[in-house]
Amino acid sequence: RKEVEQDPGPFNVPEGATVAFNCTYSNSASQSFFWYRQDCRKEPKLLMSVYSSGNEDGRFTAQLNRASQYISLLIRDSKLSDSATYLCAVNPYYGNNRLAFGKGNQVVVIP
Amino acid sequence: DGGITQSPKYLFRKEGQNVTLSCEQNLNHDAMYWYRQDPGQGLRLIYYSQIVNDFQKGDIAEGYSVSREKKESFPLTVTSAQKNPTAFYLCASRIQTPNSPLHFGNGTRLTVT
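Residues numbered from 1 in each chain as written. Chains lettered and ligands numbered in written order. Predicted model: local features only at pLDDT ≥ 70, side-chain atom pairs only at ≥ 80, totals over all residues. Heavy atoms only, no water.

Engineer: For the packing of aromatic side chains, give the residues involved together with the corresponding values.
Structural biologist: Counted by the stated rule, this structure contains 14 aromatic pairs over all chains. With a centroid separation of 5.0 Å and 50° between ring planes, the pair formed by Tyr25 of chain A and Phe33 of chain A is classed as tilted. With respect to class, Tyr25 of chain A is no different from Phe33 of chain A; both count as buried. Taken together, a centroid distance of 6.5 Å and an interplanar angle of 25° make the contact between Tyr33 of chain B and Tyr35 of chain B stacked. (Phe/Tyr/Trp six-rings, centres within 6.5 Å; stacked < 30°, edge-to-face > 60°. Buried < 20%, exposed > 50% of the residue type's maximum accessible area, 1.4 Å probe, protein only.)

Written as structure tokens, this is what we have:
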């Protein structure tokens, strides 16, 4: 089983709608969870860290479910500019400083 | 402004040649990383370094080499032993505190023919 798995999509979302997707991780001892946004042929940029209690940043909400070993990202009121690939990143080993990435969820917001 | 600089942005090489990708950061980060990304794929870790003069292999280190002689610099050499070198290479860095995220450079797109 891969360390981090995401359904690549694409997720076609009407403008103004809500979209949500999950990222599963294999190591129950994983620490540190992040969502990154990557535009086509660009570097990933940090969207938000994911905290145990869940966190929100404007239209974006991230949640962590340790029991089922997944993190989620919800985008409300989708904008055309939200079209991108969303990568999840997990530090799978306690005390280790490497991050493992999923393949990303591709979101296409449709006018 | 602080950041991570990768150069060049595009690089073309003939098969059988070694090539070195540059990565410089002025964020005063201790840890630096090299990832590779292929079309439709996630990022795969090549090498990382947590301190000057020390580095560890990632998941796909074969055919690559690195050095960390200065805190600011972490160059990656793609050797002729790397079977499929054409890819998008990303350098990243982070501070050495728990739960700190990676910050990426803008990448080098390497094409080997």
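Next comes the rest of the account.
Engineer: Run through the side chain of Ser73 of chain B, naming residues and quoting values.
Structural biologist: Residue placement: Ser73 of chain B occurs in the loop between strand S7 (64–66) and strand S8 (76–78). Looking at Ser73 of chain B, its side chain comes within polar contact range of the side chain of Glu24 of chain B, at 3.0 Å. (Helix = DSSP H or I, 4+ residues; strand = E, 2+ residues; numbered from the N terminus. Polar contact = N/O pair within 3.5 Å; in protein donor to acceptor, adjacent residues only side chain to side chain.)

Engineer: Give a detailed account of the pattern of salt bridges, specifying residues and quantitative values.
Structural biologist: Within the structure shown, the criterion is met by nine salt bridges over all chains. One continuous salt-bridge network, built from bridges that share partners, spans Glu3 and Arg98 of chain A together with Asp59 of chain B. (Salt bridge = Lys/Arg side-chain N within 4 Å of Asp/Glu carboxyl O.)

Engineer: Break down the side chain of Gln69 of chain A for me, with residues and values.
Structural biologist: All names here are of chain A. One can find Gln69 in the loop between strand S7 (60–65) and strand S8 (70–75). Of the residues examined, Gln69 reaches a relative accessible area of 16% and is grouped as buried. Of the polar contacts made by the side chain of Gln69, one reaches the backbone oxygen of Tyr25; its length is 2.9 Å. Gln69 has contacts with Cys23, Thr24, Tyr25, Ser26, Asn27 and Ser28, leaving out every residue within four places of it along the chain. (Contact = heavy atoms within 4.5 Å.)

Engineer: Got a sec to walk through the state of the cysteines? Specific residues and values, please.
Structural biologist: Across all of its chains, the model carries two disulfides over all chains by this definition. One disulfide in the model links Cys23 of chain A with Cys88 of chain A; its S-S distance is 1.8 Å. Every disulfide takes its handedness from the sign of the S-S torsion; for Cys23 of chain A and Cys88 of chain A that torsion is 50°, giving right-handed. Residue Cys23 of chain A is found in strand S3 (residues 19–25), and its partner Cys88 of chain A is found in strand S9 (residues 84–91); the two are separated by 65 residues along the sequence. A relative accessible area of 0% places Cys88 of chain A in the buried class. Paired through a disulfide, Cys23 of chain B and Cys91 of chain B show a sulfur-sulfur distance of 1.9 Å. The disulfide joining Cys23 of chain B to Cys91 of chain B has a torsion of about -75° about its S-S bond and is therefore left-handed. Remark: Cys91 of chain B occurs in strand S9 (residues 87–94) and Cys23 of chain B occurs in strand S3 (residues 19–25); sequence separation between them is 68 residues. (Disulfide = S-S within 2.5 Å.)

Engineer: Any chance you could break down the layout of surface pockets for me, citing the residues and the numbers?
Structural biologist: Empty space among the atoms becomes visible once a probe the size of a water molecule is rolled across them. In this structure, the largest pocket encloses a volume near 530 Å³. Contributing to the lining of the largest pocket are 26 residues, with Gln38 of chain A together with Gln37, Asp38, Pro39 and Gly40 of chain B lying nearest its centre. Secondary-structure elements contributing two or more residues to the lining of the largest pocket are S9 and strand S11 (105–110) of chain A together with S9 and strand S11 (108–112) of chain B. Element by element, the count of residues in the lining of the largest pocket is highest for S11 of chain B, at three residues. A class-by-class count of the residues in the lining of the largest pocket yields eight nonpolar, 12 polar and six charged. Taken as a whole, the second largest pocket encloses approximately 360 Å³ of empty space. What lines the second largest pocket is a set of 20 residues, among which Lys2, Val4 and Phe101 of chain A together with Leu43 and Arg44 of chain B lie closest to the centre. Looking at the lining of the second largest pocket, the elements with two or more residues in it are strand S1 (4–6) and strand S10 (100–101) of chain A together with strand S5 (43–51) of chain B. Residues belonging to the lining of the second largest pocket are distributed by class as follows: nine nonpolar, four polar and seven charged. (1 Å grid on protein atoms, 1.4 Å probe; cavity = no way out; pocket = protein on both sides within 12 Å on 5 of 7 lines; lining within 4 Å. Points joined across faces, edges and corners; volume = space filled by probe spheres on them. Nonpolar A, V, L, I, M, F, W, Y, C, P; charged D, E, K, R; others polar.)

In short, shape yes, function no, at least from these values alone.
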